[in-house]
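Structural characterization, general
Each chain, letter by letter, is given below.
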Amino acid sequence: MKKLLAWAVIICTLIFGGYYVASPYLTLYQLKSAVDAKDTATLINAVDFPQVKTSVKEQLKTKVAQELPALDAADDGALLGAMFATAMVDGVVDAVITPKAVELILDGKDIGKQLTLGDTATPQTDTADTATAQDWQYDLGYQSLDRFGVTLTKDNGKPVTVIMQRYGLFTWKIVDVRLPME
């Protein structure tokens, strides 16, 4: 009887451990299925929008600061322009990082051509911009026990990295999108 109980515990532990390790891959499969089925509700539940927006804002503000030439403290117009450009990032990111934009990104579409700031709910459909799964190269892997990264690279060679974080034992949410800033 003790031997049977020991085997039951080992088998349950292996099943639990296997599911624990495989859970981000299963989440990616569910996200791909949701995109294929145009199931926006599943996509919305899979993204932590406040964290993604914060990350993208920081990336863009850093890029804007790097692109601006060294400003002379006496040049009030240049300082005002730099402040305006940095502040504008918040509004643009808030308007673009939406559930519909996530669906378009995961579907391989160019959101710059698909969304406008005035109307983020109805994208324009352009079949020429639709990417197939063969157009993307994937690099998947754990970054830590609770973080999983997916690096997507298209023909242009500019990688986009999507970071998922574990919530609970088996649930994963997208918490970061690292854009190519070259």
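Residues numbered from 1 in each chain as written. Predicted model: local features only at pLDDT ≥ 70, side-chain atom pairs only at ≥ 80, totals over all residues. Heavy atoms only, no water.

The next point concerns the nonpolar core. Taken as a class, soluble globular proteins show a tendency for nonpolar side chains to be buried jointly. In terms of nonpolar packing, the biggest core is built from 22 residues, with Leu31, Val52, Ile97, Met164 and Ile174 touching the most fellow members. Those elements giving two or more residues to this core turn out to be helix H1 (2–36), helix H3 (49–67), helix H4 (76–96), strand E2 (147–153), strand E3 (159–167) and strand E4 (171–178). Once residues lying within four places of it in the same chain are set aside, the contact partners of isoleucine 97 are Phe49, Val52, Lys53 and Val56. (Core = buried A, V, L, I, M, F, W, Y, C linked by side-chain atoms within 4.5 Å. Buried < 20%, exposed > 50% of the residue type's maximum accessible area, 1.4 Å probe, protein only. Helix = DSSP H or I, 4+ residues; strand = E, 2+ residues; numbered from the N terminus. Contact = heavy atoms within 4.5 Å.)

Bringing the pairing of E2 into the picture now. E2 sits mainly inside the fold: five of its seven residues count as buried. Bridge count for strand E1 (residues 137–144) against E2 is seven bridges, and the pairing is antiparallel. Counterpart to serine 144 in the pairing with E2 is arginine 147. The turn linking E1 back onto E2 is made up of two residues. Note that E2 and E3 share seven bridges and pair antiparallel. Bridge pairing in E3 places threonine 153 opposite proline 159. (Pairing = 2+ DSSP bridges.)

Right, let's talk about the confidence of the model for the protein for a bit. Across the protein, the average pLDDT comes to 79, with 75% of residues at or above 70. Below a pLDDT of 50 lies the segment residues 117–131, which in the model reaches 27 contacts outside its immediate sequence neighbourhood of four places, other chains included. (pLDDT = per-residue confidence, 0-100.)

Let us now look at the packing of aromatic side chains. Per the stated rule, a full pass over the model turns up eight aromatic pairs. Judged by centre distance (5.5 Å) and plane angle (70 degrees), the ring pair of phenylalanine 16 and phenylalanine 170 falls under edge-to-face. Taken together, the residues span a long stretch of sequence, with phenylalanine 16 in helix H1 and phenylalanine 170 in the loop between E3 and E4 at a distance of 154 residues. The class of phenylalanine 170 is partly exposed, set by a relative accessible area of 28%. Arranged with centres 6.4 Å apart and planes meeting at 75 degrees, the rings of tyrosine 20 and phenylalanine 170 form a pair that is edge-to-face. Of this pair, tyrosine 20 sits in helix H1 while phenylalanine 170 sits in the loop between E3 and E4, and the two are 150 residues apart along the sequence. The buried category is assigned to tyrosine 20, whose relative accessible area is 17%. Among the aromatic residues, those joined into a cluster by ring pairs are Phe16, Tyr19, Tyr20 and Phe170. If you follow arginine 166 out to its NZ or CZ, it ends over the ring of tyrosine 20, 3.7 Å from the centre. The positively charged end of lysine 173 is found above the aromatic ring belonging to tyrosine 167, 5.9 Å away from the centroid. (Phe/Tyr/Trp six-rings, centres within 6.5 Å; stacked < 30°, edge-to-face > 60°. Lys NZ or Arg CZ within 6 Å of the ring centre and 35° of its normal.)

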